[in-house]
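Working through the structure, step by step
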Amino acid sequence: MTTDPPRVVGLDLALRASGLALPDGTLHTLKIPNRIRGYRRHAWLAEELVARLNPVAPDLVSIEAYALGAPGRLSLVRLGEAGGLVRTLFARAGWPWIEVPQALVKKTATGRGNADKADVMAAAEDDAQRRGLPMPDNTDEADAYWLRWIGEDAAAFLAAGDDLPGSLSSIDTDHAHT
């Protein structure tokens, strides 16, 4: 008996452009049109995610955890609001998720938890080329690319009922089961 691999999605959530990595390896940038303002930006993002994820029916979404050290209080509030909406959508759809610290994304990509975006991008391009997968077009897609791979690793441990190993222990798995 063969079991299908888990359908894991990587999501780098942002209010301007979010990176999305689907289980088939395709990468997308969800860029909110400039004409959309205020809370309609949240609605647009939510609708776009549902439209893209419904056909996939993910077994797990690997989302980048909030970067609480980011500058700008209002930006943090807006991102928190969008993040809460997205997580609520996931819960309602029955899509479990994990929250991956930004430092783990960087460390997985480059071996350094404080790597810059260019290094993460270059590592994603190299890895995608080696695997014969689509290359990321931007740093949002590069982050989503690594989030998907981290999610696949975590999904294997979670499916077996095992604790995550030390290298993945910083992942928040509170919502990994619906």
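See the structure shown above.
Please read all numbers here as calculations on a predicted model, not as lab measurements. (Residues numbered from 1 in each chain as written. Predicted model: local features only at pLDDT ≥ 70, side-chain atom pairs only at ≥ 80, totals over all residues. Heavy atoms only, no water.)

Another aspect to go through is the packing of aromatic side chains. This model, assessed by the stated rule, comprises 4 aromatic pairs. By way of ring pairs, the aromatic residues F90, W95 and W97 are connected into one cluster. Above the plane of the ring of W149 lies R131, whose end atom (NZ or CZ) is 3.7 Å from the centre. Just above the ring of W149 sits the side chain of R148; from NZ or CZ to the centre is 4.5 Å. (Phe/Tyr/Trp six-rings, centres within 6.5 Å; stacked < 30°, edge-to-face > 60°. Lys NZ or Arg CZ within 6 Å of the ring centre and 35° of its normal.)

Mapped onto the elements, A93 comes out in helix 2 (residues 73-93). Spatially, the C-alpha atoms of A93 and V77 are 24 Å apart, while their sequence positions differ by 16 residues. (Helix = DSSP H or I, 4+ residues; strand = E, 2+ residues; numbered from the N terminus.)

Attention now goes to the pattern of salt bridges. Evaluation of the coordinates by the stated rule reveals 7 salt bridges. As a salt-bridge pair, E48 and R52 come within 2.8 Å of each other at their nearest N and O atoms. Of the two residues, E48 and R52 are both situated in helix 1 (residues 40-53); the distance of 4 residues between them amounts to about one turn of the helix. By relative accessible area, which is 27% here, R52 ends up partly exposed. When the shortest N-O distance is used, the salt bridge between R131 and D127 registers 2.6 Å. Note that R131 and D127 are positioned in helix 4 (residues 117-131) at a spacing of 4 residues, about one turn of the helix. (Salt bridge = Lys/Arg side-chain N within 4 Å of Asp/Glu carboxyl O. Buried < 20%, exposed > 50% of the residue type's maximum accessible area, 1.4 Å probe, protein only.)

Here we have 5 strands laid out as an open sheet, ordered 3-2-1-4-5, and mixed in their pairing. A single partner strand is all that each edge strand has here, and the edge strands are strand 3 (27-31) and strand 5 (97-100). Strand-to-strand, the axes of this sheet are offset by a mean angle of 20°, without reference to chain direction. Across 4 bridges, strand 1 (residues 8-12) lies against strand 4 (residues 60-64) in parallel orientation. In the strand pairing of strand 4, L11 is matched with I63. Sheet strands touched by helix 5 (residues 139-159): strand 1, strand 2 (17-21), strand 3, strand 4 and strand 5. Its angle to strand 1, the strand with the most contacts, is close to 140°. (Pairing = 2+ DSSP bridges. Axes fitted to C-alpha atoms, helices over the stretch in contact; angles between N-to-C directions. Contact = heavy atoms within 4.5 Å.)

Before going further, it helps to spend a moment on the pairing of strand 2. Across the 5 residues of strand 2, 5 count as buried, placing the element largely inside the fold. On strand 2, burial covers both faces: A17, G19 and A21 on one face and S18 and L20 on the other are all buried. Note: strand 1 against strand 2, 3 bridges, orientation antiparallel. Looking at strand 2, one finds that G10 is bridged to A21. Joining the antiparallel neighbours strand 1 and strand 2 is a turn of 4 residues. Across 5 bridges, the pairing between strand 2 and strand 3 is antiparallel. Each bridged residue has a counterpart across the sheet, and for L20 the counterpart in strand 3 is H28.

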